[in-house]
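Here is what each chain is made of, one letter per residue.
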Amino acid sequence: MTPATPATRATPATGAKTLRIDRIACAGQGLCGELLPELIELDEWGYPIVKDRSVPGHLRAHARRAAAACPLLALHLDAGRG
């Protein structure tokens, strides 16, 4: 049996993920809130408010899509600690 390499120890599908918003880059276009309303609500000016930074497994694909669709790349899906 071969030892696990770093690439096989933790896969993106199994590791914890958290949402992060770069407030300086964000222009408040609101696309993230429309694509991921379960975790992001928009304030009255269209800027995102993250309801819960941890992304549950069933929403990870949606979170990746929302981060990729951000026009200014201000939404990030980070590997959680743990």
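As shown above, the structure is provided for reference.
Residues numbered from 1 in each chain as written. Predicted model: local features only at pLDDT ≥ 70, side-chain atom pairs only at ≥ 80, totals over all residues. Heavy atoms only, no water.

A. Local environment of the sheet that holds strand 4 (residues 54-55). Spatially, three strands are ordered 4-1-5 in an open sheet, and the strand pairing comes out antiparallel. Among the strands making up the open sheet, the edge pair consists of strand 4 and strand 5 (75-79). Relative to strand 4, strand 1 (residues 17-21) is paired through two bridges, and the arrangement is antiparallel. Within strand 4, the residue paired with Thr18 across the bridge is Ser54. In the packing of helix 3 (residues 60-69) onto the sheet, the strands contacted are strand 1, strand 4 and strand 5, and the crossing angle to strand 5 comes to about 135 degrees. (Pairing = 2+ DSSP bridges. Helix = DSSP H or I, 4+ residues; strand = E, 2+ residues; numbered from the N terminus. Contact = heavy atoms within 4.5 Å. Axes fitted to C-alpha atoms, helices over the stretch in contact; angles between N-to-C directions.)

B. Representation of the environment of His76. Mapped onto the secondary structure, His76 falls in strand 5. Taking the C-alpha atoms as reference points, His76 and Asp22, 54 residues apart in sequence, are found 7.8 Å from one another. Among all residues touching His76, those that are not within four sequence positions of it are Thr18, Leu19, Arg20 and Asp22. A polar contact of 3.3 Å, which involves the side chain of His76, links it to the backbone oxygen of Leu73. (Polar contact = N/O pair within 3.5 Å; in protein donor to acceptor, adjacent residues only side chain to side chain.)

C. Examining empty space enclosed by the protein more closely. As enumerated under the stated definition, the model contains one cavity of 30 Å³ or more in all. Around the largest cavity, the lining comprises 15 residues; the ones closest to its centre are Cys26, Gln29, Gly30, Cys32 and Cys70. Split into classes, the residues belonging to the lining of the largest cavity amount to eleven nonpolar, four polar and no charged. (1 Å grid on protein atoms, 1.4 Å probe; cavity = no way out; pocket = protein on both sides within 12 Å on 5 of 7 lines; lining within 4 Å. Points joined across faces, edges and corners; volume = space filled by probe spheres on them. Nonpolar A, V, L, I, M, F, W, Y, C, P; charged D, E, K, R; others polar.)

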